[in-house]
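Overview (structure and organization)
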Amino acid sequence: MSIADIRRDYNLAGLRRPDLDADPIVQFRRWFDQAVAARSTEAERMDVNAATAATVDAEGRPSVRIVLLKGVDERGFIFFTNYDSRKGQEIAGNPNVAMVFYWPDQERQVTIAGAASKISRAESETYFKSRPRGSRLAAWASHQSEVIANRQVLESRWAELQAKYPGEDVPMPPNWGGYVIAPVRIEFWQGRPSRLHDRFRYVKQADNRWVIERLAP
Ligand SMILES: Cc1cc2nc3c(=O)[nH]c(=O)nc-3n(C[C@H](O)[C@H](O)[C@H](O)COP(=O)(O)O)c2cc1C
């Protein structure tokens, strides 16, 4: 099949101005909860919290990767990573991050833009402790985004760490933790037939109010 012939129509639902909460975080939670509720098994719910996150380097060149949303509250959108990774270094140089969620079953996309900042070490540690031991060891073993000679390097580091931390007590690496993206712009996209999609954009004003506008699809 040719790539150009792959297409779908979107006809599940519409999105109207009265459907929207005045607060985009509340609106996001509503859509997120609906995406979760529509997935009845754990397998279906897998990666429902996956988002593509974009950062930019010193020359303004973007890079993207998927991260898992681990929380959302009045501060914004939280994910965890290695602060020395490429994304971490880019955020240190320029905190502007964009994020996109796509829920194909709901025919919905949400895009977010804002500045990322590190959450407190105490808050990161609370999450770190909830991760399986293997993930906690991996946070030490992987110098994320660095070039490595071969897989053996990773596996021998892993073996050393297994010996160093034989029990459940694996501390959080100093260069690991969460970021919160404080949104200044959030857009909700609902697919509609014939590509006449519904789009609403929230833009944060200087006085912290949100202005909502419909955008052409
Ligand atoms: C489904 C999925 C979930 C992921 N979740 C995370 C995550 O939460 N945090 C993270 O640092 N990397 C996550 N990754 C790996 C990133 O996509 C990426 O490879 C890594 O963070 C290094 O990115 P960077 O070199 O641009 O910093 C995930 C990848 C996939 C495919």
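In the block above lies the structure referred to throughout.
A few points on the structure. (Residues numbered from 1 in each chain as written. Predicted model: local features only at pLDDT ≥ 70, side-chain atom pairs only at ≥ 80, totals over all residues. Heavy atoms only, no water.)

Describing the environment of Gly167
Here is the rule we go by: Only runs of H or I of at least four residues qualify as helices and only runs of E of at least two qualify as strands under DSSP, and these elements are numbered from the N terminus.
When you line up the elements, Gly167 lands in the loop between helix H6 (151–164) and strand S7 (176–190). Put simply, Gly167 and Ser85 are 82 residues apart on the chain and 27 Å apart in space, counted from C-alpha to C-alpha.

Structural notes on the packing of aromatic side chains
We apply this condition: In summary, the pairing rule links any two rings of Phe, Tyr or Trp, Trp by its six-membered ring, whose centres are within 6.5 Å, and it sorts them by plane angle into stacked for under 30 degrees, edge-to-face for over 60 and tilted for everything else. By definition here, charges over rings are those cases where NZ of Lys or CZ of Arg is within 6 Å of the ring centre and within 35 degrees of the ring normal.
Tallying each qualifying case throughout the model produces 17 aromatic pairs. Both rings, one in Tyr127 and one in Trp176, keep their centres 6.3 Å apart while their planes meet at 10°; by these two values the pair is stacked. Highlighted residues: Tyr127 in helix H4 (residues 121–130) and Trp176 in strand S7, separated in sequence by 49 residues. The side chain of Lys118 reaches across the aromatic face of Tyr83, ending 4.3 Å from its centre.

So, unusual backbone geometry
Here Ser145, not a glycine, exhibits a phi torsion of approximately 80°, which is positive. Take Ser145: it is sitting in the loop between helix H5 (133–141) and H6. In this structure, Arg195 is a non-glycine residue whose phi angle is positive, near 65°. Here Arg195 shows up in the loop between S7 and strand S8 (198–204).

Overview of the site of the ligand
Condition: Consider each residue's heavy atoms; a residue with any of them within 4 Å of a molecule or strand counts as near. Polar contact is the term for a pair of N or O atoms within 3.5 Å; when the atoms are in protein, one must be able to donate a hydrogen and the other to accept it, and sequence-neighboring residues count only if both atoms are side-chain atoms. Reported accessibility uses the Shrake-Rupley method at a 1.4 Å probe radius. Residues are deemed covered only where the shown protein chains occlude them. Throughout this entry, Asp, Glu, Lys and Arg are counted as charged residues, while Ala, Val, Leu, Ile, Met, Phe, Trp, Tyr, Cys and Pro are counted as nonpolar. The remaining residues, Gly among them, count as polar.
Taken together, Asp47, Arg65, Ile66, Val67, Leu68, Phe80, Thr81, Ser85, Arg86, Lys87, Gln144 and Ser145 make up the full set of residues adjacent to the ligand. Take Arg65: an N or O atom from its side chain is 2.7 Å from an oxygen atom of the ligand. Leu68 is positioned such that a nitrogen or oxygen atom in its backbone is 3.0 Å from an oxygen atom of the ligand. Protein chains bury 64% of the 620 Å² of accessible surface belonging to the ligand in isolation. Top element by residues in the shell around the ligand is strand S2 (residues 62–68). It accounts for four residues. Grouping the constituent residues of the shell around the ligand by class yields four nonpolar, four polar and four charged.

Here's the deal with the pattern of salt bridges
Condition: Salt bridges, as used here, are contacts in which a Lys or Arg side-chain nitrogen is within 4 Å of a carboxyl oxygen on Asp or Glu. Each residue is assigned to one of three classes by its accessible area relative to the maximum for its type, calculated with a 1.4 Å probe on protein chains only: buried under 20%, partly exposed between the two thresholds, exposed over 50%.
Counting across every chain of the model gives 19 salt bridges. The salt bridge partner of Glu155 is Arg151, with a shortest N-O separation of 2.6 Å. Note that Glu155 and Arg151 are positioned in helix H6 at a spacing of four residues, about one turn of the helix. Classification of Arg151 as exposed rests on a relative accessible area of 58%. Across the pair Asp198 and Arg192 runs a salt bridge, and its minimum N-O distance is 2.8 Å. What makes Asp198 buried here is its relative accessible area of 6%. For Arg192, a relative accessible area of 30% puts it in the partly exposed group. One continuous salt-bridge network, built from bridges that share partners, spans Asp57, Glu59 and Arg61.

Purely geometric stuff here, so don't read any function into it on its own.
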